[in-house]
Amino acid sequence: MENKLINKEIQNYINANLNTDLHTLLLKKSPFPDVSMSEIVQQIKGKQTAQKKFPFLLKKEIIFPPQLNLEQSSSEKTADYKSQILKGKKFIDLTSGFGIDAYYLSQNFEEITLVEQNQELLNIVEHNWGILERKATFINQNLEDFLQTNQEHFDVIYLDPARRDQNKNKVFLLEDLSPDILQIREKLLATADQVVVKLSPLIDLKYLVSVVPGIFRIEIIAVRNDVKEVVIFLSNGQEEGIKVNCINLESGESAFSFTFGEEENSQALYSEPEKFIYIPNNAILKAGVFNLISERFGLKKLHPNTHIYTSSEKISDFPGREIEMEVIESKQVKKKVQFNIISKNYPLKPEDIKKKYGLKDGGKGYLIFTQSKKGKIILKSV
């Protein structure tokens, strides 16, 4: 497959059709007798995905796998961030997939092993790593079988369990993942000093900590305020507390770090809206440290269930959105005006608000529909 697709004429045809409608292209007959149009379209989709998700692969003769493998791969941005945390001599990825995480996470290791049960996918990764001039040992095996026969010890094991069931529906609980890390945790920790597991951004942190012994670090990784991954770090060592990092990549915002359990010992202050309003980024909201944010930054919350904060003086380095605002009455909301509409702890959703007030979405101004302790309020950016 690789030899056919890296043919110069085929690659030229793929590059010439990067902006062609793919449905139209699929109806055409392939101009190449040994390569189907569906294979060509697969490569076009791969290059299109790579432009946004992993641009380092936009090189000559790189081969791309089917769409599902592309969707399940980490982005270059999140993989690069994780690579800055890990180093050692021997690294192994037990679910290498398309190899994006493995490529970045293994940069600070001398020996790299990739395990993948899909032979065709592993062949693609091995080909691409040759193009990228990266060395590794490639093993086509089911990870459970590998763990049963393996005699080596590693500094770091990385795995990204499949989050779809047999019917391709998304699953989130650890026991529903493949593999079930609860079942193989002890074997993993007997095989490596540290185990790193990528999980769904929807997984609950309290649930995680309650069912997985040995967690010493959790990374909540967002890109431009969209939470992409929750990553847990396991070891057999006795750590004092679980360190949690909330990072919002490509935002210019500082990371927010805390020890798991700090929230329970934190107290928030409350106030009606003052001059400045603060909305934490989604990585922090995912972490659920609503009182701790108030305490750390000296901010006041509007309401126990409204995760919006306020201050009379502007603070710097807040990990989220900061807007100067004023309280207005509903009759002051003018129709057909353009606003970015935010609804927090309010009975109406943004779409319903737009219809009710005849508003247009977008522009530079903000309208926040929310609640303080005194009741429903509307905030307008100044």
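Look a little higher up for the structure.
Everything quoted here is computed from the prediction, not taken from an experiment.

**A word on the packing of aromatic side chains**
Summed over all chains, the structure comprises 16 aromatic pairs. Plain terms: the ring middles of Tyr 13 and Phe 32 are 5.6 Å apart, the flat faces sit at 85° to each other, and that makes the pair edge-to-face. Of this pair, Tyr 13 sits in helix α2 (residues 8-16) while Phe 32 sits in the loop between α3 (22-26) and α4 (37-53), and the two are 19 residues apart along the sequence. Overall, the relative accessible area of 14% leaves Phe 32 in the buried class.

**Considering the sheet that holds strand β17 (residues 375-381)**
Taken in spatial order, the eight strands make up an open sheet running β10-β12-β13-β11-β14-β17-β16-β15, and their pairing is mixed. Edge strands, defined here as strands with exactly one partner in the open sheet, are β10 (269-270) and β15 (338-343). With three bridges joining them, strand β11 (residues 276-280) and strand β13 (residues 306-311) adopt antiparallel strand pairing. Across the sheet, the residue bridging to Tyr 278 is Tyr 309, located in β13. Across the sheet, helix α13 (residues 290-297) touches β10, β12 (300-303) and β13, and the angle it forms with β13 is around 10°. In the packing of helix α14 (residues 350-357) onto the sheet, the strands contacted are β15, β16 (360-372) and β17, and the crossing angle to β15 comes to about 135°.

**Regarding the side chain of Ser 83**
Relative to the helices and strands, Ser 83 is located in helix α6 (residues 76-83). A polar side-chain atom of Ser 83 sits 2.6 Å from the main-chain carbonyl oxygen of Asp 80. Discounting chain neighbours no more than four positions away, the residues touching Ser 83 are Tyr 104, Leu 105, Gln 107 and Asn 108.

**A look at α2**
Quick reminder: α-helices carry 3.6 residues per turn. Residues three or four places apart thus point the same way. Every buried residue of α2 is accounted for by Ile 10, Gln 11 and Ile 14. Buried residues of α2, viewed axially, fall in a sector of 100°; they line one side. More than 90 degrees from the buried face of α2, the exposed residues found are Lys 8, Glu 9 and Ala 16. A distance of 2.8 Å separates the backbone nitrogen of Glu 9 from a side-chain oxygen at the start of α2, and that oxygen is part of Asn 7.

**Remarks on α13**
All buried positions along α13 are accounted for by Leu 292, Ile 293 and Ser 294. Buried residues in α13 make contact with β9 (256-259), β10, α12 (282-287), β12 and β13. Note on α13: the residue one or two positions beyond its end, Gly 298, has a positive phi of about 65°.

**Section: the environment of Val 327**
For Val 327, the location among the structural elements is in strand β14 (residues 320-328). Considering only alpha carbons, one finds Val 327 and Leu 379, 52 residues apart in sequence, at a separation of 4.6 Å. Setting aside anything within four residues of it in sequence, one finds Val 327 in contact with Pro 273, Ile 378 and Leu 379.

What counts and what doesn't
Residues numbered from 1 in each chain as written. Predicted model: local features only at pLDDT ≥ 70, side-chain atom pairs only at ≥ 80, totals over all residues. Heavy atoms only, no water. Phe/Tyr/Trp six-rings, centres within 6.5 Å; stacked < 30°, edge-to-face > 60°. Helix = DSSP H or I, 4+ residues; strand = E, 2+ residues; numbered from the N terminus. Buried < 20%, exposed > 50% of the residue type's maximum accessible area, 1.4 Å probe, protein only. Pairing = 2+ DSSP bridges. Contact = heavy atoms within 4.5 Å. Axes fitted to C-alpha atoms, helices over the stretch in contact; angles between N-to-C directions. Polar contact = N/O pair within 3.5 Å; in protein donor to acceptor, adjacent residues only side chain to side chain. Arc of directions from axis to C-beta.

So far we have only geometry, and geometry alone does not tell us how the molecule works.
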